[in-house]
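A closer look at the structure
For reference, the chains in residue letters:
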Amino acid sequence: MSNHTPTRDRIPLDSIPVAPKRRPDWIRVRAPMGDSYENIKRLMRSKSLHTVCEEAMCPNIGECWGDGTATFLMLGDVCTRSCGFCDIKRGMPNAMDWAEPLRVAQAVKDMDLKHAVITSVNRDERADGGAPIFAMVIKRIRQLQPGCSIEVLIPDFKGSAEALKIVMDARPEILNHNVETVPRLFKQVQPQDNYDWAAATLSNAKKMDPDVLTKSGIMLGLGETMDEVKAVMRDQRDWGVDILTLGQYLQPSKAHLPIDRYYTPEEFEHLKDYGLDIGFQWVESGPLVRSSYHAAEQVRALSVVHRKLYGEAAA
């Protein structure tokens, strides 16, 4: 066990300018409540599982858990990177838990999920970035809950094709890696990340298995321009990305990067239209959109892998 104490601090408080704008009327986050929400929360605790819904303070946790869906966070709850937008603890993680995939798969079965989203912290202390855990959980879910589609939201594995192939060989329905922001802001927003690693991850995934849907996302409101956002969208299409999510950045705490501005619903709609015009198969664009928003619908509408596994009726 590591003796390094994880922390959520990101950048010195005195270096952060005060965000000048109040939250607009169209940013409405419903408080989490209801029987289904409480049941899922109890299930997660009983199986010693983590969800990115909680760890990243997702604004849709009430809606999604209320509908009986969740995004599982694997490889622990301590990340080796220190992104300025993220509320997940950072530090040196504990040893890999090789029983975690079975616990996640059992939870998917107990919840009777039709679609599971699996993500993780970064594990840069490992050459494979934890890729074997993703492959294991895909296989376990298909053993215990046949018919459940699977989306994996993976780290960039520092651009490693070898690590990525471990995941791709397990054939998830969706392979997701979020670019998060524009190249100019990468070192400010995610200082240990690299735009070229994101490009390698997404383009190599499509080359390794064209049937697997590829997906990426961008946060808006960190200081990027509209032209920069559209340039990243064009890059993502060049890498073969099929599905795009666009959402408003919401500052988790005063210790995180400030919001530069709020995009309007009309601007999100404009970017959705632009994305569809340049060839994305599916675009989710809105103030509270996050990576797994409407993911099950995307699989049922688009996934060749799911149809091959379970027949045309599964679509």
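Residues numbered from 1 in each chain as written. Predicted model: local features only at pLDDT ≥ 70, side-chain atom pairs only at ≥ 80, totals over all residues. Heavy atoms only, no water.

Let's talk about the overall build of the protein chain
Within the protein chain, the secondary structure is distributed over 12 helices and 10 strands. Out of the 315 residues in the protein chain, the part that is buried amounts to 55%. Residue pairs in contact within the protein chain that sit at least 24 positions apart in sequence constitute 76% of those at least 6 positions apart. (Helix = DSSP H or I, 4+ residues; strand = E, 2+ residues; numbered from the N terminus. Buried < 20%, exposed > 50% of the residue type's maximum accessible area, 1.4 Å probe, protein only. Contact = heavy atoms within 4.5 Å.)

Considering the environment of Ile-118
By secondary structure assignment, the location of Ile-118 is in strand β5 (residues 115-120). Ile-118 gets classed as buried once you look at its relative accessible area, which sits at 0%. On a C-alpha basis, the gap between Ile-118 and Ile-154 in space is 8.1 Å, while along the polypeptide they are 36 residues apart. Contact partners of Ile-118, with chain neighbours within four places excluded, come to Phe-72, Met-74, Val-104, Phe-134, Val-137, Ile-141, Ile-150, Glu-151, Val-152 and Leu-153.

Some points on the confidence of the model for the protein chain
Averaged over all residues, the pLDDT of the protein chain is 84; the fraction at 70 or higher stands at 78%. Counting contacts from residues 1-5, a segment whose pLDDT is below 50, to residues more than four positions away or on other chains yields six contacts. Here residues 7-20 scores under 50 on pLDDT; set against residues more than four positions off or in separate chains, the count is 31 contacts. (pLDDT = per-residue confidence, 0-100.)

Focus: unusual backbone geometry
Of note in the backbone geometry, Lys-158 takes a positive phi value of approximately 55 degrees without being a glycine. Along the polypeptide, Lys-158 turns up in the loop between β6 (149-153) and α6 (161-168). In this structure, Glu-180 is a non-glycine residue whose phi angle is positive, near 80 degrees. In this structure, Glu-180 sits in the loop between β7 (174-176) and α7 (186-189).

Considerations on the nonpolar core
One recurring pattern in soluble globular proteins is that nonpolar side chains are buried together. Ile-118, Ile-141 and Val-152 are the most contacted members of the largest nonpolar core, which has 39 residues in total. When residues of this core are traced back to their parent elements, those giving at least two are β2 (71-74), α4 (100-111), β5, α5 (131-144), β6 and α6. At seven residues, α5 tops the list of elements feeding residues into this core. Those residues in contact with Ile-141 that lie beyond four places of it in its chain are Ala-105, Val-108, Ala-116, Ile-118, Pro-146, Cys-148 and Ile-150. Counting residues in each nonpolar core, the second largest holds 34 residues, with Val-179, Ala-198, Leu-222 and Tyr-262 among its members. (Core = buried A, V, L, I, M, F, W, Y, C linked by side-chain atoms within 4.5 Å.)

Some points on the pairing of β5
A large share of β5 lies buried, amounting to six of its six residues. Here β5 shows a buried face lined by His-115, Val-117 and Thr-119 and a second buried face lined by Ala-116, Ile-118 and Ser-120. Pairing of β2 with β5, which is carried by four bridges, proceeds in the parallel orientation. By the bridge assignment, Leu-73 is partnered in β5 with Thr-119. Traced from β5 through α5 to β6, the parallel crossover comes out right-handed. (Pairing = 2+ DSSP bridges. Right-handed = clockwise from strand over helix to strand, strands pointing away.)

A closer look at the pairing of β6
Counted residue by residue, β6 has five buried out of five residues, so it is predominantly covered. Burial of β6 is two-sided: the residues Ser-149, Glu-151 and Leu-153 facing one way and the residues Ile-150 and Val-152 facing the other way are all buried. Bridging between β5 and β6 involves five bridges; their strand directions are parallel. In the sheet register, Ile-118 faces β6, and the bridge partner there is Val-152. When β6 meets β7, the two strands line up parallel, connected through three bridges. Note on β7: the bridge partner recorded for Val-152 is Leu-175.

A few points about the packing of α5 against α6
With their axes 8 Å apart at the nearest point, α5 and α6 run at an angle of 10 degrees to one another. Overall, the two elements α5 and α6 adopt an arrangement that is roughly parallel. Of the residues in α6, those in contact with Ala-131, Pro-132, Phe-134, Ala-135 and Ile-138 of α5 are Ala-163, Ile-166 and Val-167. When grouped by side-chain class, the residues that make up the contact of α5 with α6 number eight nonpolar, no polar and no charged. (Axes fitted to C-alpha atoms, helices over the stretch in contact; angles between N-to-C directions. Parallel < 35°, antiparallel > 145°, perpendicular 65-115°, else oblique. Nonpolar A, V, L, I, M, F, W, Y, C, P; charged D, E, K, R; others polar.)

Some words on the side chain of Gln-248
Counting through the fold element by element, Gln-248 comes out in strand β9 (residues 243-248). The exposure class of Gln-248 is buried, given its relative accessible area of 1%. A distance of 2.8 Å separates a polar side-chain atom of Gln-248 from the backbone nitrogen of Tyr-263. (Polar contact = N/O pair within 3.5 Å; in protein donor to acceptor, adjacent residues only side chain to side chain.)

Some details on the packing of aromatic side chains
Applying the stated criterion across every chain yields a total of three aromatic pairs. One aromatic cluster is present, built from ring pairs that chain together Phe-186, Tyr-195 and Trp-239. Positioned above the aromatic ring of Tyr-274, the side-chain terminus of Lys-230 is 4.9 Å from the ring centre. Seen from the ring of Tyr-263, Arg-261 lies directly overhead, with NZ or CZ sitting 3.8 Å from the centre. (Phe/Tyr/Trp six-rings, centres within 6.5 Å; stacked < 30°, edge-to-face > 60°. Lys NZ or Arg CZ within 6 Å of the ring centre and 35° of its normal.)

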